[in-house]
Amino acid sequence: MQTAITFGPVPSRRLGRSLGINNIPPKHCSYACRYCQVGTTTDRTIERREFYTSAEIVAAVSQHVAQSRERGEAIDYLTFVPDGEPTLDIHLGETIAELKPLGIPIAVISNASLLWQEAVRDALMQATWVSLKVDSVEAHTWRRVNRPFHELTLPQVLGGIETFARHYRGTLVSETMLLAGSNDDEAGVAQVATFLTTLPLACAYLAVPTRSTEDRAVHGPDEPVLTRAFAQFSAVLPKVELLIGYEGDAFAASGNLAADILSISAVHPLRRSALDELLRKNGARWTAVEQLLDSGELREVEHGGERFYARKLM
Ligand code: SF4
């Protein structure tokens, strides 16, 4: 099946208006994650090869950018977010270099499994913003959640991430997808957080599956577990945000207190003290929070002797 090379621009909380680049047709990947929303990995591989020429991708992107500009649509990022692992594309580095004259920052969302290869690191070095997947740093869990190509080993993958992070000068973020009963246990989350402290991350994102997956048994943790994981990450990492499917913006005040509480708590579960402060600044009373709790849009969660308020998960 032929898929379009470009799509969007789509709104993204992390990247603003992002024009997606699909440089890998479905479904060539080094992983077959249990939660993959693209579908079954039909070609699980670590062999890099040509799927499209650089010229084909650059032509498709240039045309899409020109059309968007004609319509007056802004594009904040060109984002490689394909139906597979973007670094399997042997021309990725060359393509990024050839897209730079368009003058738009370039992002790559990668599963990070091939960074032990120098050529892959060199390709990603050229991007402005790179997201790396770290779902587990425990081999058995990693195999169960990400179902990697059989020759890959976890030390190899984590070593590649560390080497890349030491040399990369762009914006580096991590993404950890939590699955209930698989990698959301306290010890496993603490191990991931500890590993992430070794990387110069602009932000560590904690995600839950938000769209349907082929494996119906797969789902994210509930609010108490997600809030605990958020608290664990926040205890050791400078910036942590949730990706739970709401395009909340923690920094925009809409003037509507209920909307602001839901928007902020979709990104950062709020401690009771922070919520009290928000109410005080808005001259509002606790009844505003009670209404959100009663409607089920907000949940009260206890962790470590503190009360947190988290947006209800879908
Ligand atoms: S790495 Fe991404 S594309 Fe590959 S299987 Fe996992 S979620 Fe799907």
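Up top is the structure.
So, a few notes on the structure that sits alongside this text. (Residues numbered from 1 in each chain as written. Predicted model: local features only at pLDDT ≥ 70, side-chain atom pairs only at ≥ 80, totals over all residues. Heavy atoms only, no water.)

**A look at the nonpolar core**
Okay, so step 1: With 83 residues, the main nonpolar core has Ile-21, Leu-78, Ile-161, Leu-196 and Phe-233 as its most contacted residues.
Okay, so step 2: Top element by residues in this core is helix H5 (residues 154–167). It accounts for 6 residues.
Okay, so step 3: Sequence-distant contacts of Phe-233, that is, excluding residues within four places in its chain, are made with Thr-176, Val-189, Val-192, Ala-193, Leu-196, Ala-204, Leu-206 and Val-240.
Okay, so step 4: With 12 residues, the next largest nonpolar core counts Leu-257, Ile-261, Leu-262 and Leu-278 among its residues. (Core = buried A, V, L, I, M, F, W, Y, C linked by side-chain atoms within 4.5 Å. Buried < 20%, exposed > 50% of the residue type's maximum accessible area, 1.4 Å probe, protein only. Helix = DSSP H or I, 4+ residues; strand = E, 2+ residues; numbered from the N terminus. Contact = heavy atoms within 4.5 Å.)

**Points about the pairing of strand S6 (residues 106–110)**
Okay, so step 1: Burial within S6 is extensive, with 4 of its 5 residues counted as buried.
Okay, so step 2: Sheet analysis places strand S5 (residues 77–80) next to S6, joined by 3 bridges and oriented parallel. Bridge pairing in S6 links Thr-79 to Ala-107.
Okay, so step 3: In this fold, the crossover linking S5 to S6 by way of helix H2 (residues 92–99) has right-handed handedness.
Okay, so step 4: Direction of pairing for S6 relative to strand S7 (residues 129–133): parallel, over a ladder of 4 bridges. Looking at the pairing, Ser-110 lines up with Leu-132 of S7. (Pairing = 2+ DSSP bridges. Right-handed = clockwise from strand over helix to strand, strands pointing away.)

**What to know about the packing of aromatic side chains**
Okay, so step 1: Tallied over the entire structure, the rule returns 3 aromatic pairs.
Okay, so step 2: Both rings, one in Tyr-31 and one in Trp-142, keep their centres 6.2 Å apart while their planes meet at 75°; by these two values the pair is edge-to-face. In this pair, Tyr-31 is assigned in the loop between strand S3 (28–29) and strand S4 (43–44) and Trp-142 in helix H4 (residues 139–146), connecting sequence segments 111 residues apart.
Okay, so step 3: Overall, the relative accessible area of 2% leaves Tyr-31 in the buried class.
Okay, so step 4: Geometry around Tyr-205 places Arg-14 over its ring, the cationic atom sitting 4.8 Å from the centre.
Okay, so step 5: The residue whose ring lies beneath Arg-272 is Trp-286, and the NZ or CZ to ring-centre distance is 3.7 Å. (Phe/Tyr/Trp six-rings, centres within 6.5 Å; stacked < 30°, edge-to-face > 60°. Lys NZ or Arg CZ within 6 Å of the ring centre and 35° of its normal.)

**Topic: the sheet that holds strand S1 (residues 6–12)**
Okay, so step 1: If you trace the 8 strands from one edge of the open sheet to the other, you get S1-S2-S5-S6-S7-S8-S9-S10, paired in mixed fashion. Whereas interior strands pair on both sides, the edge strands pair on one side only; in this sheet they are S1 and strand S10 (240–243). On average, adjacent strands in this sheet sit at an angle of 25° to one another, irrespective of strand direction.
Okay, so step 2: Where strand S9 (residues 203–207) and S10 come together, 4 bridges link them in parallel fashion. (Axes fitted to C-alpha atoms, helices over the stretch in contact; angles between N-to-C directions.)

**Description of the sheet that holds strand S13 (residues 306–311)**
Okay, so step 1: The antiparallel open sheet is built from 3 strands, whose spatial order is S11-S13-S12. Either end of the sheet is taken by a strand with one partner, and the two such strands are strand S11 (270–271) and strand S12 (298–303).
Okay, so step 2: The sheet contact formed by S11 and S13 spans 2 bridges and is antiparallel. Counterpart to Leu-270 in the pairing with S13 is Tyr-309.

**Describing the site of the ligand**
Okay, so step 1: What surrounds the ligand is the set Lys-27, Cys-29, Tyr-31, Ala-32, Cys-33, Tyr-35, Cys-36, Gly-84, Asn-111 and Lys-133.
Okay, so step 2: Comparing atom positions with the cavity grids shows the ligand to sit within the largest pocket.
Okay, so step 3: Taken together, the residues of the shell around the ligand sort by class into 6 nonpolar, 2 polar and 2 charged. (Near = heavy atom within 4 Å. 1 Å grid on protein atoms, 1.4 Å probe; cavity = no way out; pocket = protein on both sides within 12 Å on 5 of 7 lines; lining within 4 Å. Sits in = over half its atoms within 2 Å of the grid points. Nonpolar A, V, L, I, M, F, W, Y, C, P; charged D, E, K, R; others polar.)

**Details of empty space enclosed by the protein**
Rolled over the atoms, a probe as big as a water molecule pinpoints where empty space is left.
Okay, so step 1: Inspection of every chain in the model, using the stated rule, returns 2 cavities of 30 Å³ or more.
Okay, so step 2: Considering only enclosed or pocket space, the largest cavity measures out at about 50 Å³ in volume.
Okay, so step 3: As for the largest cavity, its lining consists of Tyr-31, Lys-133, Val-134, Asp-135, Ser-136, Trp-142, Asn-146, Leu-154, Val-157, Leu-158 and Ile-161.
Okay, so step 4: Elements represented by at least two residues in the lining of the largest cavity include exactly H4 and H5.
Okay, so step 5: The element best represented in the lining of the largest cavity is H5, accounting for 4 residues.
Okay, so step 6: When the residues that make up the lining of the largest cavity are grouped by side-chain class, the tally is 7 nonpolar, 2 polar and 2 charged.
Okay, so step 7: By volume, the second largest cavity amounts to about 40 Å³.
Okay, so step 8: Around the second largest cavity, the lining residues are Glu-223, Leu-226, Thr-227, Leu-242, Ile-244, Ser-265, Pro-269, Ala-310, Arg-311 and Leu-313.
Okay, so step 9: Take the lining of the second largest cavity: its biggest share by element is 3 residues, from helix H7 (residues 223–236). (Points joined across faces, edges and corners; volume = space filled by probe spheres on them.)

**Let's talk about the pattern of salt bridges**
Okay, so step 1: Scanning the model with the defined rule gives 10 salt bridges in all.
Okay, so step 2: Note that Glu-175 and Arg-14 form a salt bridge whose closest N and O atoms lie 3.1 Å from each other. Residue Glu-175 is located in strand S8 (residues 171–177), and its partner Arg-14 is located in the loop between S1 and strand S2 (16–21); the two are separated by 161 residues in the primary sequence. The residues Glu-175 and Arg-14 share a single accessibility class, namely buried. (Salt bridge = Lys/Arg side-chain N within 4 Å of Asp/Glu carboxyl O.)

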